[in-house]
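A structural walkthrough
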Amino acid sequence: MQVIEEGSAAFGVYADYPQDARTALADIKSVAARIISRATRQHLVKILPHDLLEFYEEGLAQSPGRDSHTPDLRREGSMAPTQATTVAASLTAATQILLQSNVRAAGEALRWLIQIPSAATRAPALAPTVIISDWGRGISEVLRGVLFSALEPTMASTSRLRYRTVSPLPATPAPASLSIERSARIPAMFWASWALRMLPQKGVYLQTLRTALPCIVLQVGSNLTHDRAMKLLGEVTDSTNSPRILQQLQDGPNWRDIQAALIRLAEFLDGNPPPIDYRRRRLLDYSQLLPEQEWDEFCRRSVASTGRGPRHRLTRCYLFERISGIPAELAPEPFAANTSSWRSQLRNFPETLTPGFAAELERVGMEFLDRHGIREPIEWQPPIELLDGLTLPGFDPSRVEATVVHELMRREKLTLKQVAARLSTSTHAICHVLEQEPAPQSRWQARTAGAAREDLKRRLPPSELAHHYERYSESEIARKFNTSGALIRRIAREYGLPRRPPGSVRKCPPLAGEWLREQFAIQERRFAEPDSGPNMSLSMRNGRQSRGGRSGEDKPGTKSLADGAPDVLKSALTGIYGWERLARFAAAVPYGSLSEAAKNLGICRSVISMQIRQLERSLGGPLHVRTQRNRPMQLTPLGIEVLDAIQNIGLGRTEL
């Protein structure tokens, strides 16, 4: 009576979805009619008051051909009940179902009724389309939701998503056109932060899950077929992938919450267009994404090592996935990650990211989109708050502190796997954290990358390098500035200096013996001191000296040079080439071993070993600890004292 008087229904299942009185009364009549024709005593005894059940049975006893233990399979609603008690019982039972607090509870209360064979089919109507036809299309969306909820246990996993059975109000699937529009709002490779939350602990790879979930989301609340969904996303996955993943998710204990997450996401995307058109992104030409001719400049700006070919290729793959939302194995052929080895390296790529490298990736990505006339962010993801209140099987990256990850990686030198084990999470979660907040550049990265280059460029500007190029070989310049010949060649290339063929170093003109005698014997100048004449290497100076004047103990001025040296060095300067031996010793120390020093200084190992032995005899003790061949060299206390004295007077690598 209240419904009729107020003209609307807002009780029970209608509380959140009010209906007008006519529609609500039609729902009650539809449920009551099926109770009259299908219910037996064993059904009604659970829902009717005892006294009403007795009146109902008495009324049935007076109806010819009908008893309380056999359903009446005549068409529901085709004939009015002959007994008032039948009307009262059916209306009471129907009202109790619709008085439930929500649609899901009403579906559970109604489930017994839809499991009874219908009058038309003589079999239970358990398919959603069949039951809607059986109950009539005039029922409200609320009663339809109750019916779909009642059918949930009998539905396949795909049907549950199509009818959104875990949502507050399940509904008939929308036309495929809705999913076609949604396909432009979702990448072909699912957002990592969302996929990580839904990743089962065992049996499913993250990459496989990320390519399957977009296809599943397109089918939420839609009658779109699986094959059609795959084509809309560019067929980035195997045709059996999504159904298999869906079945594995359904078999897990968190399937209901996973359904809720996918439904919330689909509804959010339908109502909130993202700032990225993923359909357009999938159609772009990525062949000129960070081409090879831009790689050196990219590394220079990001203060990173150019590495070898794989480093450039992996960077292109990583940037391709970020921009396109497509797996890197489908990138253009020159840099596609088309083998398991490449894909494995790409998974761990975030471990090598630094803030500078990530910023440069952002710049290159934005320039790429700008060239295609696209004004969008490189990446976007739906708000992760949509998952609040759900119990999901995967990992939550937001629970991992980036600063802790950085500390473990940089200070404790742990690998990704070790960091994940320490923090009780997965390597995928650690990689995601590093993508969002890259670790600071390590000392090794700085030393092998642009930090060393930029430092050398500050010490060796273009004019000075050009000046040295006219007089010294690349290896001599490298030794002079304590660096590698490769880095000298790279900076020369950046400066635009022409590459000089090997052996084409400009030769110094012959020097007069009188000039050498004046410089080194009379003025007592050391070999490393700047001269007023042409620059010469140490070996050239030694050669000129031997031809232009005396050497050794009897040369004028040699004794005075020794007298002015620190006490610890004097005994080494009384013989021939004492300064050269000291310089060689000082130059060899930074390399760690005599073999490495000989290789980098361009001399034989036997020569440098002999010169150090001569020094030891002159100085009266060993300068370094004898270890196995090629083992790191360790100085003795005498060696440390001698090295300090050499460095204090400015003698060292520049003598060579």
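Keep in mind that what you see is a predicted model, and the values were worked out from it rather than measured. (Residues numbered from 1 in each chain as written. Predicted model: local features only at pLDDT ≥ 70, side-chain atom pairs only at ≥ 80, totals over all residues. Heavy atoms only, no water.)

Side note on the overall build of the protein chain
From N to C terminus, the protein chain includes 36 helices and four strands. In the protein chain, buried positions account for 49% of the 656 residues. Within the protein chain, contacts between residues at least 6 apart in sequence are counted, and of these 68% link residues at least 24 apart. Looking at the protein chain as shown, the accessible area adds up to about 32,100 Å², and 51% of this sits on carbon and sulfur atoms. (Helix = DSSP H or I, 4+ residues; strand = E, 2+ residues; numbered from the N terminus. Buried < 20%, exposed > 50% of the residue type's maximum accessible area, 1.4 Å probe, protein only. Contact = heavy atoms within 4.5 Å. Areas by Shrake-Rupley, 256 points an atom, 1.4 Å probe, with all protein chains shown as cover.)

Concerning the side chain of Arg490
Within the fold, Arg490 resides in helix H28 (residues 485-495). Residues in contact with Arg490, not counting those within four places in the same chain, are Asp296, Cys299, Thr306 and Arg453.

Here we look at the layout of surface pockets
The gaps of empty space that remain are located by a probe, the size of a water molecule, rolled over the atoms. Roughly 1,100 Å³ of internal volume is contained in the largest pocket. Met189, Ala192, Arg210, Glu321 and Glu435 are the residues nearest the centre of the largest pocket, which is lined by 40 residues in total. Of all the secondary structure elements, the ones that give two or more residues to the lining of the largest pocket are helix H11 (192-198), helix H12 (206-218), helix H18 (309-324), helix H19 (340-347), helix H20 (355-371) and helix H23 (427-436). The element contributing the most residues to the lining of the largest pocket is H23, with six residues. Considered class by class, the residues forming the lining of the largest pocket number 20 nonpolar, 11 polar and nine charged. (1 Å grid on protein atoms, 1.4 Å probe; cavity = no way out; pocket = protein on both sides within 12 Å on 5 of 7 lines; lining within 4 Å. Points joined across faces, edges and corners; volume = space filled by probe spheres on them. Nonpolar A, V, L, I, M, F, W, Y, C, P; charged D, E, K, R; others polar.)

Notes on the pattern of salt bridges
A complete count under the given rule lists 24 salt bridges for this structure. A salt bridge links Arg104 to Glu108, with the nearest nitrogen and oxygen atoms 4.0 Å apart. You can see Arg104 and its partner Glu108 sitting in helix H6 (residues 103-114), four residues apart, about one turn around the helix. A residue is classified by how much of its surface remains accessible, and Arg104, at 36% relative accessible area, is partly exposed. (Salt bridge = Lys/Arg side-chain N within 4 Å of Asp/Glu carboxyl O.)

Details of helix H26 (residues 462-469)
Those residues of H26 not exposed but buried are Leu465, His468 and Tyr469. Buried residues of H26 fall within an arc of 105° about the axis and therefore sit on the same side. Each element contacted by the buried residues of H26 is listed here: helix H27 (474-480) and H28. (Arc of directions from axis to C-beta.)

Some points on the nonpolar core
In terms of nonpolar packing, the biggest core is built from 79 residues, with Phe190, Leu213 and Leu262 touching the most fellow members. Here this core gets 10 residues from one element, more than from any other, and that element is helix H15 (residues 255-271). Among the nonpolar cores identified, the runner-up in size contains 39 residues, and Ala9, Leu44, Leu113 and Val142 belong to it. (Core = buried A, V, L, I, M, F, W, Y, C linked by side-chain atoms within 4.5 Å.)

Concerning the packing of H6 against helix H8 (residues 141-151)
The geometry of H6 relative to H8 is characterised by a closest axis approach of 7 Å and an angle of 70° between their N-to-C directions. One element, H6, and the other, H8, form an angle in the roughly perpendicular class. Along this stretch, H6 crosses H8, giving a crossing that reads as right-handed. Together, Val103, Arg104, Ala106, Gly107, Leu110, Arg111 and Ile114 of H6 and Gly145, Val146, Leu147, Ser149, Ala150 and Leu151 of H8 make up the contact between the two elements. Among the residues making up the contact of H6 with H8, the classes are represented as eight nonpolar, three polar and two charged. (Axes fitted to C-alpha atoms, helices over the stretch in contact; angles between N-to-C directions. Parallel < 35°, antiparallel > 145°, perpendicular 65-115°, else oblique. Left-handed = near helix turned anticlockwise from the far one by under 90°.)

So, the confidence of the model for the protein chain
Chain-level statistics for the protein chain give a pLDDT mean of 81 and a share of 79% at 70 or above. With pLDDT under 50 throughout, residues 527-558 is counted as low confidence; its partners more than four residues away or in other chains account for 58 contacts. Considering only residues more than four positions removed or in separate chains, one finds that residues 652-656, a stretch of pLDDT under 50, has 18 contacts. (pLDDT = per-residue confidence, 0-100.)

Digging into helix H34 (residues 594-601)
Burial in H34 covers these residues: Leu594, Ser595, Ala597, Ala598 and Leu601. Seen along its axis, H34 keeps its buried residues to an arc of 165°; they face one direction. Residues of H34 that are buried sit in contact with H27, helix H33 (578-588), helix H35 (605-619) and strand E3 (624-625).

A few points about the packing of helix H17 (residues 295-302) against H20
At their nearest, the axes of H17 and H20 sit 8 Å apart, and the two run at 135° to each other. By the angle between their directions, the pair H17 and H20 is classed as oblique. H20 is crossed by H17, and the crossing has right-handed handedness. Residue-level inspection shows Trp295, Phe298, Arg301 and Ser302 of H17 in contact with H20, the latter providing Gly356, Phe357, Glu360, Leu361, Arg363 and Val364. Partitioning the contact of H17 with H20 into residue classes produces five nonpolar, two polar and three charged.

A short note on the environment of Ser463
Tracing the chain through its elements places Ser463 in helix H26. The exposure class of Ser463 is exposed, given its relative accessible area of 58%. A C-alpha to C-alpha distance of 9.4 Å links Ser463 and Tyr495, two positions 32 residues apart in sequence.

Brief notes about the environment of Pro243
Structurally, the position occupied by Pro243 is in helix H14 (residues 241-251). For Pro243, a relative accessible area of 41% translates into the label partly exposed. A C-alpha to C-alpha distance of 9.5 Å links Pro243 and Cys215, two positions 28 residues apart in sequence.

Quick notes on the environment of Trp579
For Trp579, the location among the structural elements is in helix H33. For Trp579, a relative accessible area of 13% corresponds to the buried category.

Quick look at the packing of aromatic side chains
Within this structure, the stated rule accounts for 12 aromatic pairs. Three or more aromatic residues link up through ring pairs in this structure, and these residues are Trp295, Phe298, Tyr318, Phe349 and Phe357. Here Arg311 stacks its cationic end above the ring of Phe357, 4.5 Å away from the centre of that ring. Over the face of the ring belonging to Trp342 we find Arg313, whose NZ or CZ atom lies 4.0 Å from the ring centre. (Phe/Tyr/Trp six-rings, centres within 6.5 Å; stacked < 30°, edge-to-face > 60°. Lys NZ or Arg CZ within 6 Å of the ring centre and 35° of its normal.)

As for unusual backbone geometry
The backbone of Glu235 sits at a positive phi, close to 50°, despite the residue not being glycine. For Glu235, the position within the fold is in the loop between helix H13 (226-232) and H14. A positive phi angle is found at Val303, which is not glycine, with a value near 50°. With respect to the helices and strands, the residue Val303 is situated in the loop between H17 and H18.

Description of the side chain of Ser30
You can see Ser30 is positioned in helix H2 (residues 21-38). The buried category is assigned to Ser30, whose relative accessible area is 9%. Setting aside anything within four residues of it in sequence, one finds Ser30 in contact with Trp135, Ile139 and Leu143.

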